[in-house]
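Chain and residue survey
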Amino acid sequence: MQTVDLASQAEQLAAGETTSVDLTERSLAAIDALQPTLNAFITVDRDGALTAAAAADQRRAAGQPLSSLDGVPIAHKDIFCTAGVKTTCGSRMLESFVPPYNATVVERLAAAGLVMVGKTNMDEFAMGSSNETSFYGNVGNPWDTTRSPGGSSGGSAAAVAAGIVAGATGTDTGGSIRQPAALCGITGFKPTYGRASRYGMIAFASSLDQAGTLTRTAKDAALLLDHLCGFDPKDSTSLDVAAESFSATLDKPLTGLRIGVAEAFYDDGLAPGCRDALEQALDQYRSLGASVASVELPHLYLSVPTYYVVAPAECSSNLSRFDGIRFGHRADDCNDLTELYTRSRSEGFGDEVKRRIMTGTYVLSSGYYDAYYLKAQRARQLISGDFAAAFEQVDLIAGPTAPTPAFGLGDKVDDPVTMYLNDIYTIGANLAGLPAMSLPMGTVDGLPVGMQLIGPALSEARLLNAAHGYQSVTEWHRATPNVFSGAES
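These remarks concern the structure in this document. Position numbers for residues start from 1 in each chain and track the written sequence from start to end. In view of the model being predicted, local features appear only for residues whose pLDDT reaches at least 70, and side-chain atom pairs are presented and counted only at 80 or more, with totals across whole chains, interfaces and linings using the full set of residues. To get the side-chain values, take all heavy atoms of the structure and skip hydrogens and water.

1. Description of the side chain of Asn422
- We count a stretch as a helix when DSSP gives it H or I for four or more residues in a row; a strand needs E for two or more, and each element gets its number in order from the N terminus. Note on placement: Asn422 falls in the loop between helix H13 (416-420) and helix H14 (427-432).
- Note on classification: 1.4 Å probe, protein chains only; a residue is buried when its accessible area is under 20% of the maximum for its type, exposed when over 50%, partly exposed between these limits. Take Asn422: its relative accessible area is 2%, and that puts it in the buried class.

2. Notes on the pairing of strand S4 (residues 167-171)
- Counting buried residues in S4 gives 5 out of 5 residues, a clear majority hidden from the surface.
- Both faces of S4 are covered, namely the face carrying Gly167, Thr169 and Thr171 and the face carrying Ala168 and Gly170.
- Taken together, the 5 bridges between S4 and strand S6 (residues 211-215) define a ladder with antiparallel strand orientation. Following the sheet pairing, Thr169 is matched in S6 by Thr213. Paired strands are those between which DSSP finds at least two bridges.

3. Here's the deal with the packing of aromatic side chains
- For Phe, Tyr and Trp, where Trp contributes only its six-membered ring, two rings pair if their centres lie within 6.5 Å, and the inter-plane angle classes them as stacked under 30 degrees, edge-to-face over 60, or tilted in between. Applying the stated rule across the entire model yields 16 aromatic pairs.
- Between Phe322 and Phe327, the aromatic rings sit 5.5 Å apart at their centres with planes inclined by 90°, giving edge-to-face as the arrangement.
- Take Phe322: its relative accessible area is 3%, and that puts it in the buried class.
- Judged by its relative accessible area of 33%, Phe327 falls in the partly exposed class.
- Grouped by ring-pair contacts, the aromatic residues Phe97, Phe125, Phe322, Phe327 and Phe349 constitute a single cluster.

4. What about the packing of helix H11 (residues 351-364) against helix H12 (residues 369-390)?
- One can describe the packing of H11 onto H12 by two numbers: an axis separation of 7 Å at closest approach and a directional angle of 105°. It follows from the interaxial angle that H11 and H12 lie roughly perpendicular. Note on element contacts: H12 touches H11 through Tyr369, Tyr372 and Tyr373, opposite Tyr362, Val363 and Leu364.
- Classifying every residue of the contact of H11 with H12 by side-chain character gives 6 nonpolar, no polar and no charged. In this description, a line fitted to the C-alpha atoms serves as the axis of each element, helices being fitted only across the stretch in contact, and the angle between N-to-C directions of two axes falls anywhere from 0 to 180 degrees. With respect to orientation, any angle under 35 degrees is reported as roughly parallel, any angle over 145 as roughly antiparallel, any angle of 65 to 115 as roughly perpendicular, and every other angle as oblique. Here, two residues are considered to be in contact whenever any of their heavy atoms come within 4.5 Å of each other. The classification used treats Ala, Val, Leu, Ile, Met, Phe, Trp, Tyr, Cys and Pro as nonpolar, Asp, Glu, Lys and Arg as charged, and all other residues, Gly among them, as polar.

5. What to know about the pattern of salt bridges
- Just to be clear on terms, a salt bridge is a Lys or Arg side-chain nitrogen sitting within 4 Å of an Asp or Glu carboxyl oxygen. The full count for this structure, using the stated rule, is 19 salt bridges.
- For Glu95, the salt bridge identified is with Arg92, shortest N-O distance 3.9 Å.
- Residue class for Glu95 comes out partly exposed when judged on its relative accessible area of 33%.
- Here Arg343 makes a salt bridge to Glu347, at a shortest N to O gap of 3.3 Å. In this pair, Arg343 and Glu347 are both assigned in helix H10 (residues 337-348), 4 residues apart and thus about one turn of the helix distant.
- The exposure class of Arg343 is partly exposed, given its relative accessible area of 27%.
- A relative accessible area of 28% places Glu347 in the partly exposed class.
- The network of salt bridges with shared partners includes Arg195, Glu244 and Glu460.

6. What to know about empty space enclosed by the protein
- Cavities and pockets were defined on a 1 Å grid built over protein atoms only: a cavity is a set of grid points that admits a 1.4 Å probe from which the probe cannot escape, a pocket is an open set flanked by protein on both sides within 12 Å along at least five of seven lines, and lining residues are those with an atom within 4 Å of any such point. Grid points are joined across faces, edges and corners, and a volume is the space filled by probe spheres set on the points. All told, the structure shown has 2 cavities of 30 Å³ or more when counted by the stated rule.
- By residue class, the composition of the lining of the largest cavity is 5 nonpolar, 5 polar and 2 charged.
- Put simply, the second largest cavity is a space of about 40 Å³.
- Looking at the second largest cavity, the residues that line it are Trp143, Gly185, Pro440, Gly442, Thr443, Pro448, Trp476 and Ala479.
- By residue number, the principal contributor to the lining of the second largest cavity is strand S10 (residues 436-444), which donates 3 residues.
- Among the residues forming the lining of the second largest cavity, the class breakdown is 5 nonpolar, 3 polar and no charged.

As structure tokens, then:
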């Protein structure tokens, strides 16, 4: 399978070597070929995609002003509202929900002329690390379909890794862009909290959720983020900061870049192969002129327990709106209002969502709020303070994205705590609201592994520059799974 990337597709369109309709038809054909095996999509908008692609070709033929990515096909995680197109959040609760409006992320990319081919599969309400909690079945990892693609943005990651589309949107609450990017061998980017609008993105944990991208390369991520990020008055958490071109500084030399490595990342759970790949990646950065030094993140070990108090608490509040009354699944033949609430939620939500709702309700309840939720918020401040102190010494922090390569489907589904620990390296950036990304750094036992880069707030351009510099002298981001060599986008 040839490498499929956004920049190359955009160049082909600009040179007249292909058309948006042709690229879109190839993407739709790849979905048809791979969906039975990967299950990466929940909804395919064939007619809408071809209509949008034809409009893009007409704009180009008429000589109208075009964005850099006009006419390129992409996919959206099924957590973003899409006007007239079903949005399920991977849940039975929303299996028939068709929004009347677009999420701002969807609106911005459509305004830039990108063509949505469909909505990708995901863990239910973004709660999961393996894409096994989806009401629509698990997603297969293109490198080995018996293994997890990661979660919750596993459908988007699998679609990009398999070459179905060159780019897709995702959301990251505790690592749900970066972890599947690592397990599928692609580049995943989570911006600073508030950099990309949350309007129209169905909420899981409002102080943690962040929209982002899954692409083949850092350059592709920059091209998408140029359009995706920006202030949105519809989102009260949106940052009102000046617009910035992330792609403009990609080629800046890395001489003098200071990279920190936290000893906290080198714990007993880190697979030896991942450790070796990270050391080789750091050596590559040294050869590019960067320096590497140790930094301390003394409270990072608190990130998992902190997250699994804060996130469920916010989840229990956000998901209370799904009650069988206004929208979503509604149980039949109920005798009274209490039964309607109880059965609608019991039937509509899966086990993992129920587990987190109950946990969140407990930690927010009278008598436990101070003992759990308030204490977790204090720990969150300690973690944020550790990052702030570290960034006084270095420009970026590097580490592994996940402790192991992709694990087998079913291996952790019956042990929630073990599953939660798969996000042990990624959660800290969400708690601190920092931009972070994962990029391929090697393979272990034939499976890709990822390196995580974390930066201070609003350092997206620096992160993308560092990642692009690394990818300019390495080939890991070009590796593709062999099992689908016959399906090219």
